[in-house]
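# Analysis of the macromolecular model
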Amino acid sequence: MDEIQKSFRQIADIIQTSKDNTYRKINEEMIKMYWHIGEFLSMQAQESSFGDAYIDSIAEFIQSEFPGIKGFNRRGLYRMKQFYEIYVEDEFVSAVLTQISWINHLLIMSKAKTKEERQFYLMLSINEHYSSRELERQMNSAYYERYMISKDKMFSGESNITNKDIFLDSYVLEFLDLPDNYKEKDLRKALISNIKDFILEIGRDIRPCSV
């Protein structure tokens with residue numbers, strides 16, 4: 001790449017960085033807004049007049065004030081209320097809620113069964129910069145459960161734990177479509193056939209070795 005092209009790339013990097021920062025700021029403000037609306041609704045829920053009719057009236061009012069705005073129907077407002085009530089007493093995550101997208105929050109709220117599981121997927125999303133598609137894939141594959149099982153096996157010192165067990169507990173390999181009682185040659189053949197997907201799957205955890 002010649003010097004002119006390098007200078008052009010610098011401009012492109014500046015633009016991309018600015019766009020990324022803008023998106024993060026917008027997301028941060030949006031999550032804060034949903035939190036405060038959820039807090040308001042949670043407080044209002046203590047009143048006898050609170051209910052579906054009350055929520056519908058709020059949704060109609062918001063539409064009249066901000067025509068065409070999305071996400072503020074009855075279902076959306078109840079989700080904001082749920083969001084606030086789930087995390088209001090969870091000091092562990094209160095400082096990081098704005099670091100993932102609202103879609104990822106909805107996935108975690110709808111699929112995670114315990115406080116610990118929510119914390120796990122929240123921090124996973126932050127650390128790995130997961131898109132909603134990547135997060136949903138990990139949750140559908142029961143990554144949290146597999147991670148906990150692997151950790152329990154290692155700490156319990158089970159003598160029958162093998163490299164294959166650790167490997168398959170650490171990575172999602174369902175795309176290989178292997179039979180339950182597969183042999184090593186079956187795994188090797190499947191990996192070669194699906195090498196692109198395999199690299200994408202394990203790439204996040206590959207780190208350069210220090211010399």
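Residues numbered from 1 in each chain as written. Predicted model: local features only at pLDDT ≥ 70, side-chain atom pairs only at ≥ 80, totals over all residues. Heavy atoms only, no water.

## Describing the overall build of the protein
Filter applied, for reference: Helix and strand labels come from DSSP, where a helix needs a run of H or I of at least four residues and a strand needs a run of E of at least two; each type is numbered from the N terminus. The classification of residues rests on relative accessible area computed with a 1.4 Å probe and restricted to protein chains. Under 20% of the type maximum is buried, over 50% is exposed, and intermediate values are partly exposed. Note on contacts: a residue pair qualifies if any of its non-hydrogen atoms lie within 4.5 Å across the two residues. Calculation of accessible area relied on Shrake-Rupley with a 1.4 Å probe; when residues are assessed, cover is drawn exclusively from the protein chains displayed.
Along its length, the protein carries 11 helices and 0 strands. Walking the protein from its N terminus toward its C terminus, one meets helices and strands in the order α-α-α-α-α-α-α-α-α-α-α. Classification of the 211 residues of the protein by burial places 31% in the buried group. Here the contacts in the protein between residues at least 6 apart in sequence split such that 58% fall between residues at least 24 apart. For the protein, the exposed surface amounts to about 14700 Å²; the carbon and sulfur share of it is 54%.

## Here's the deal with the packing of aromatic side chains
The test is simple: What counts as a ring pair is set by centres within 6.5 Å for rings of Phe, Tyr and Trp (its six-membered ring), and what kind of pair is set by the plane angle: stacked under 30 degrees, edge-to-face over 60, tilted for all other angles.
Enumeration according to the criterion identifies 13 aromatic pairs in this entry. Pairing Tyr34 with Trp102 gives two aromatic rings, centres 4.5 Å apart and planes at 50°, and the pair type is tilted. Remark: Trp102 occurs in helix α5 (residues 102-111) and Tyr34 occurs in helix α1 (residues 3-44); sequence separation between them is 68 residues. As far as burial versus exposure is concerned, Tyr34 and Trp102 are alike and both buried. When the ring of Phe83 is compared with that of Trp102, the centres are 5.1 Å apart and the planes differ by 90°; the resulting orientation is edge-to-face. You can see Phe83 sitting in helix α3 (residues 74-87) and its partner Trp102 sitting in helix α5, a full 19 residues away along the chain. For Trp102, a relative accessible area of 11% translates into the label buried.

## Quick notes on the environment of Met30
If you trace the backbone, Met30 turns up in helix α1. Spatially, the C-alpha atom of Met30 lies 9.1 Å from that of Ser101, the residues being 71 residues apart in sequence.

## A few points about the pattern of salt bridges
Put simply, the rule is: In the sections that follow, a salt bridge refers to a side-chain nitrogen of Lys or Arg positioned within 4 Å of a carboxyl oxygen of Asp or Glu.
Enumeration over the complete set of coordinates arrives at 6 salt bridges. In this structure, Asp13 engages Arg9 in a salt bridge whose closest nitrogen and oxygen atoms are separated by 3.9 Å. One end of the pair is Asp13 and the other is Arg9, both in helix α1 and 4 residues apart, which spans about a single turn. Sharing partners across several salt bridges, the network here consists of Asp52, Asp56 and Arg74.

## Considerations on the nonpolar core
Formally: To form a nonpolar core, buried Ala, Val, Leu, Ile, Met, Phe, Trp, Tyr and Cys residues must be joined to one another through side-chain atoms within 4.5 Å.
Membership of the largest hydrophobic core comes to 35 residues, with the highest contact counts inside it found for Leu77, Phe83, Trp102, Ile108, Tyr121 and Leu122. Elements supplying a minimum of two residues to this core: α1, α2 (52-65), α3, α5, α6 (115-128), α7 (132-140) and α8 (143-156). Sequence-distant contacts of Leu122, that is, excluding residues within four places in its chain, are made with Val93, Val96, Leu97, Ile100, His105 and Ile108.

## Some thoughts on α2
Here is the rule: To estimate the expected span of a helix, subtract one from its residue number and multiply by 1.5 Å. Throughout, the arc means the angular range of directions from the helix axis out to the C-beta atoms.
Spanning 14 residues, α2 covers 20 Å between terminal C-alpha atoms, matching the ideal 20 Å at 1.5 Å per step. Where α2 is concerned, the buried positions are Ile55, Ile58, Ala59 and Ile62. Relative to the axis of α2, the buried residues are bounded by an arc of 100° and lie together on one face. In this structure, α2 carries Ala53, Glu60, Phe61 and Ser64 as exposed residues pointing more than 90 degrees from its buried face.

## A closer look at the packing of α5 against α7
Selection rule: In this analysis an axis means a line fitted to C-alpha atoms, helices contributing only their contacting stretch, and an angle means the value between N-to-C directions, from 0 to 180 degrees. Small angles under 35 degrees read as roughly parallel and large ones over 145 as roughly antiparallel, with 65 to 115 read as roughly perpendicular and the rest as oblique. Two helices cross in a left-handed way if the nearer one is turned anticlockwise from the farther one by less than a right angle. They cross in a right-handed way if the turn is clockwise. Think of it as three bins: nonpolar holds Ala, Val, Leu, Ile, Met, Phe, Trp, Tyr, Cys and Pro, charged holds Asp, Glu, Lys and Arg, and polar takes everything else, Gly as well.
Between α5 and α7, the shortest axis-to-axis distance is 9 Å and the interhelical angle comes to 15°. If you check the angle between α5 and α7, you find them roughly parallel. When the axes of α5 and α7 are compared, the crossing they make is right-handed. Only Ser132, Leu135, Glu136, Met139 and Asn140 of α7 make contact with α5, whose side of the interface consists of Ile103, Asn104, Leu107, Ile108 and Lys111. Taken together, the residues of the contact of α5 with α7 sort by class into 5 nonpolar, 3 polar and 2 charged.

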